[in-house]
Amino acid sequence: MSVQVTPTAEALADLAAERLASLVASEVARSGECAVALSGGTTPGPILRRLARASLPWTKVRWYFADERCVPPGDPRSNYRGAREALFDLAPIPPGLVFRMEGERDDRDRAALDYARRLPERLHLALLGIGEDGHFASVFPGSEAVEEAVRKVMAVRGPKPPPWRLTLTPAALRGTRVLMVAAGAGKAPAVRRALEGDEPATAVPSRLWRAHEWLLDQAAAAERTRA
Ligand code: 6PG
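Treat the numbers as computed from the prediction; the structure is a model and nothing was measured.

Thresholds applied
Residues numbered from 1 in each chain as written. Predicted model: local features only at pLDDT ≥ 70, side-chain atom pairs only at ≥ 80, totals over all residues. Heavy atoms only, no water. Helix = DSSP H or I, 4+ residues; strand = E, 2+ residues; numbered from the N terminus. Polar contact = N/O pair within 3.5 Å; in protein donor to acceptor, adjacent residues only side chain to side chain. Contact = heavy atoms within 4.5 Å. Buried < 20%, exposed > 50% of the residue type's maximum accessible area, 1.4 Å probe, protein only. Arc of directions from axis to C-beta. Core = buried A, V, L, I, M, F, W, Y, C linked by side-chain atoms within 4.5 Å. Pairing = 2+ DSSP bridges.

Along the polypeptide, Glu27 turns up in helix α1 (residues 9-31). Within the structure, Glu27 has its side chain in polar contact with the side chain of Arg30 (distance 2.9 Å). Leaving out residues up to four positions away in the same chain, Glu27 has contacts with Gly32, Glu33, Cys34, Arg122 and His124.

This is how it looks when you write it as structure tokens:
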């Protein structure tokens, strides 16, 4: 487990962008390429905008999604649209290196299967956020997806609007280096439960990434009892 705490959300976005850039660069140096999964929500935006200004080996990096809302790619709630506006439109990323989930499809289960087939053997990195209920991507507490060991992508119905989503499961993140990022007081209880609590992952899915790298601002770290 590695936890770094910054004084502000801005400093957190700076740190997260630096860490992501350095992890991508070292993976490309090691294996000649890097496959990154991005989550949605509000946390990644400021990080990706900063990352877009970094000098990365852009032609060696492939961009995937940790989850997508079942809306068209132009919809303001679309995670693809968020990443496009914060990164893909701002950095020299060849369009062929962006692999979006087809959230607009009505045949959701089929769309999940098709995306699973497009995934690389291993996603090297994942930038994940945490929900106030402890979810990551669209793997929500009590959902079948938490303990899914075979299917790499599932269509799920969750409590956070919009309800229908496509999500990677823990099976898709085997061997992946996870960067968990959380900002704001609203996340403090979930962060403590995920990092320190003894509840099972079915109750706090983000606890699956306890041993990985966590970047928090002071407000999100406020309830931690162990340094
Ligand atoms: C989504 C996200 C979701 C997100 C958390 C945190 O599509 O909604 O992938 O898992 O990371 O809900 O959301 P915020 O970053 O907005 O707090």
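Within helix α4 (residues 108-118), the full set of buried residues consists of Ala111, Ala112 and Tyr115. Each buried residue of α4 lies within a common arc of 100° when the element is viewed along its axis, so the set occupies one face. Exposed side of α4, more than 90 degrees from the buried face: Asp109 and Arg117 are the residues found there.

As a further point, take the nonpolar core. Judged by nonpolar contacts, the single largest core of 76 residues is most densely connected at Leu51, Trp63, Leu87, Phe88, Tyr115, Leu128 and Leu168. Not counting chain neighbours up to four residues away, the residues in contact with Leu168 comprise Ala37, Phe65, Ala66, Met101, Tyr115, Leu119, Leu123, Val139, Lys152, Val153 and Leu173.

What follows is about the pairing of strand β6 (residues 153-157). When you tally the buried positions in β6, you get four out of five residues, the bulk of the element. As paired elements, β6 and strand β7 (residues 164-168) share five bridges and run antiparallel to each other. When the bridges of β7 are listed, Arg157 appears paired with Trp164. Remark: six residues form the turn of the hairpin made by β6 and β7, two consecutive strands paired antiparallel.

On to the environment of Lys160, then. Checked against the element boundaries, Lys160 lands in the loop between β6 and β7. Between the C-alpha atom of Lys160 and that of Glu132, which follows or precedes it by 28 residues, the distance is 10 Å.

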